[in-house]
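What follows is the residue order along each chain.
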Amino acid sequence: MANRLDAMNPTMNSTPSVSQATKAGSSAAQPANGNVVKRLQSELMTLMTSPTPGISAFPTNDMTKWNATISGPSGTPYENLTFKLTLSYPANYPIAPPEVLFKTPIYHPNVDFSGRICLDILKTGGQGREGAWSAALNTGSVLLSIQSLLGEPNK
């Protein structure tokens, strides 16, 4: 009887079933939890108080969606150019890496026409999968790695 009442009045508090919890845990559009937001706020403060030359990043209205800029490294074809990127942080950040995309069109062997970047640290590793993402990495180190990739492409 209680299940029928819960179905009729979804605002009542009820314990979710295992299948409901599994669906909620695997949802791609999950809201960020408080730990993710705290981590991102800490990273933002670090970027603001100890800026790296040629790199900047700030959140949009959503703390899990950031806009970033990278200056092209000197001595490369990208010198004196500024590139815009977007970073999208998953609900399980920093366990999983952010999705980083170039928004400024760029011709580079490690960037496809959609702006996706082929870089090991942007891939989750573990259990037979290649990838070098680590929870010890942060937004600043990701952007610095991308800036370095512009000057030294992977082969």
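Residues numbered from 1 in each chain as written. Predicted model: local features only at pLDDT ≥ 70, side-chain atom pairs only at ≥ 80, totals over all residues. Heavy atoms only, no water.

1. Topic: the UniProt feature "active site" (unreviewed entry) in the protein chain
Then, in step 1: With numbering matched to this structure, UniProt assigns "active site" (unreviewed entry) to Cys118.
Then, in step 2: Following the sequence through the fold, Cys118 ends up in the loop between strand S4 (99-102) and helix H4 (139-151).
Then, in step 3: Apart from the residues within four sequence positions on either side, Cys118 is in contact with Asn110, Lys123, Leu149 and Asn154. (UniProt positions renumbered as here; feature names shortened; annotations may be inferred. Helix = DSSP H or I, 4+ residues; strand = E, 2+ residues; numbered from the N terminus. Contact = heavy atoms within 4.5 Å.)

2. Brief notes about the sheet that holds S4
Hydrogen bonding along the main chain pairs the strands of a sheet, whether they run parallel or antiparallel.
Then, in step 1: Reading across from one edge, S1-S2-S3-S4 is the order of the 4 strands in this open sheet, with antiparallel pairing throughout. Only two strands of the sheet have a single neighbouring strand rather than two, namely strand S1 (55-59) and S4. When the angles between neighbouring strand axes are averaged without regard to direction, this sheet yields 20 degrees.
Then, in step 2: Of the pairings in the sheet, the one linking strand S2 (residues 65-71) to strand S3 (residues 82-88) comprises 7 bridges and is antiparallel in character. In the sheet register, Trp66 faces S3, and the bridge partner there is Leu87.
Then, in step 3: The strands that helix H3 (residues 34-49) touches are S1 and S2; relative to S1, the one it contacts most, it runs at about 145 degrees.
Then, in step 4: Together, S1, S2, S3 and S4 form the strand contacts of H4, whose direction differs from that of S2 by roughly 40 degrees. (Pairing = 2+ DSSP bridges. Axes fitted to C-alpha atoms, helices over the stretch in contact; angles between N-to-C directions.)

3. Quick word on the nonpolar core
Then, in step 1: Of all hydrophobic cores here, the largest spans 31 residues; its most connected members are Trp66, Leu85, Val100, Phe102, Ile117 and Ile146.
Then, in step 2: Residue assignment for this core shows that the elements contributing at least two residues are H3, S1, S2, S3, S4 and H4.
Then, in step 3: Looking at this core, the element that brings in the most residues is H4, giving 5 residues. (Core = buried A, V, L, I, M, F, W, Y, C linked by side-chain atoms within 4.5 Å. Buried < 20%, exposed > 50% of the residue type's maximum accessible area, 1.4 Å probe, protein only.)

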